[in-house]
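Single-letter residue listing:
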Amino acid sequence: PLGTLMVTDLNEFPLALTLIPVPDGDVLKHKEDFIVNENLKRLGCSGRSGLKLQPPSPATEGKFHHLYRTSEKVPLYTAVIELVKQCQIALMMFGNLAPEYVDGLLCDVTEAAINDWWTETGMDLYNIEPSDSMLGPISVAALLGTLMGARNRLHAFGAPVGKDAFDIDNLTKGIGSFQKSQKLKRTRILDRQTLDRLHRVTAKAANAEGWTDAVKSTMAELSGHGGEMVMGMVRGREKGGIADIETLDIDNFAHLVTGERAKWLWRGKPRKGGIDDNAQSADIVFTTDDQGGHFWTSRKRSSHEDLVADRALQSSDRPGRPPESASSL
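Since the structure is predicted, the reported quantities are computational estimates derived from the model, not experimental observations.

Further remarks concern the overall build of the protein chain. Per the secondary structure count, the protein chain includes 13 helices and two strands. The buried share among the 329 residues of the protein chain stands at 40%. Counted over contacts in the protein chain with a minimum sequence separation of 6, partners at least 24 positions apart contribute 49%. Of the roughly 19,300 Å² of accessible surface on the protein chain, a fraction of 54% belongs to carbon and sulfur atoms.

This structure, assessed with the given rule, holds six aromatic pairs. Ring centres of Phe94 and Trp117 lie 5.8 Å apart, and the angle between their planes is 45°; on these two criteria the pair is classed as tilted. Linking Phe94 in the loop between helix H3 (76-93) and helix H4 (108-126) with Trp117 in helix H4, this pair joins segments that are 23 residues apart in sequence. For the ring pair Phe157 and Phe178, a centre distance of 5.0 Å and an interplane angle of 85° mean the geometry is edge-to-face.

Secondary-structure assignment places Ser139 in helix H5 (residues 137-157). Between the C-alpha atoms of Ser139 and Trp117, which are 22 residues apart in sequence, the distance is 9.9 Å. Within the structure, Ser139 has its side chain in polar contact with the side chain of Trp118 (distance 3.0 Å).

Right, let's get into a positive patch on the surface. Judged by side-chain charge, Lys163, Arg267, Lys269 and Lys272 come together as a positively charged surface patch. Looking at the secondary structure, you find Arg267 in helix H12 (residues 260-267).

Now for the pattern of salt bridges. Tallied over the entire structure, the rule returns nine salt bridges. The residue Arg42 makes a salt bridge to Glu38 at a minimum N-O spacing of 2.8 Å. In this pair, Arg42 and Glu38 both sit in helix H1 (residues 31-42), four residues apart, roughly one turn of the helix. The residue Arg192 makes a salt bridge to Asp124 at a minimum N-O spacing of 3.0 Å. On the criterion of sequence distance, the pair formed by Arg192 in helix H7 (residues 192-201) and Asp124 in helix H4 is long-range, its members being 68 residues apart.

Cut-offs used in this document
Residues numbered from 1 in each chain as written. Predicted model: local features only at pLDDT ≥ 70, side-chain atom pairs only at ≥ 80, totals over all residues. Heavy atoms only, no water. Helix = DSSP H or I, 4+ residues; strand = E, 2+ residues; numbered from the N terminus. Buried < 20%, exposed > 50% of the residue type's maximum accessible area, 1.4 Å probe, protein only. Contact = heavy atoms within 4.5 Å. Areas by Shrake-Rupley, 256 points an atom, 1.4 Å probe, with all protein chains shown as cover. Phe/Tyr/Trp six-rings, centres within 6.5 Å; stacked < 30°, edge-to-face > 60°. Polar contact = N/O pair within 3.5 Å; in protein donor to acceptor, adjacent residues only side chain to side chain. Patch = residues over 30% accessible without salt bridge, like charges linked within 9 Å, V, L, I, M, F, W, Y side chains within 5 Å. Salt bridge = Lys/Arg side-chain N within 4 Å of Asp/Glu carboxyl O. Lys, Arg positive; Asp, Glu negative; His and termini not counted. Charge placed at Lys NZ, Arg CZ, Asp CG, Glu CD.

Structural data, given as structure tokens:
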């Protein structure tokens, strides 16, 4: 009744699997420790040391911030999970990853999706093959930069998108609107055909140069306080191009990020809505597929469970008594 206890002889234990000691024997208590340490190992930040369910060392934390240029104002656990989750959201929007894998864990399925994205999209867009690890700084900049650039291009085209590329509801509406205007199949994802068409129709807007560049170059020849004042005024009015964010340079990417969620991760700018939607609170479980393989997936209630909950909520309502909220139920 307390569950299943698995016992094995270590001589018979498969060599392909790794033994990880669990402090206190409480797996759920150390779930975040596992996710963060596994992510850091796959991100190339923790060296060749074995996986341990304890907080990463200061050297590992420093290497993570150095490689990915994330803000040190964001707690390490939150930053690591959020970085992976943002990349997974981008892969989902490009049609390379199923939504149930957007959980902040850098798993084999996510790495395969990154490889697929480079093969189908990235290598043609940037004309290179990635030289870093599966989700190294180049891949992070390219993947997220392409997503944010697509949001900028949709906005320049006139599609109804939000200010944040991670505002998925508005982004999918904008993609659908663009696909409808171009008589494309309304997949509401940035598939290869949609992305190619978007880049073609916004090529002129992406390559447009503002007058501020010319003025700034002449101001650079001026000296003295007056010149510095004018330079500052010009820079204040200057806006980056809509495609500048589409870069392979993680430093350049971190400098150009837009949207509340990205600015929070890379610049430490506080978020208005808090961080309750990050992967730390994701309810993920280890389950099996129809082939007998194992994978992490989000635990989501079925429509039947929703119906039962709604009926229970209705039956609990009495005259003169306010209905209970779903969360309290």
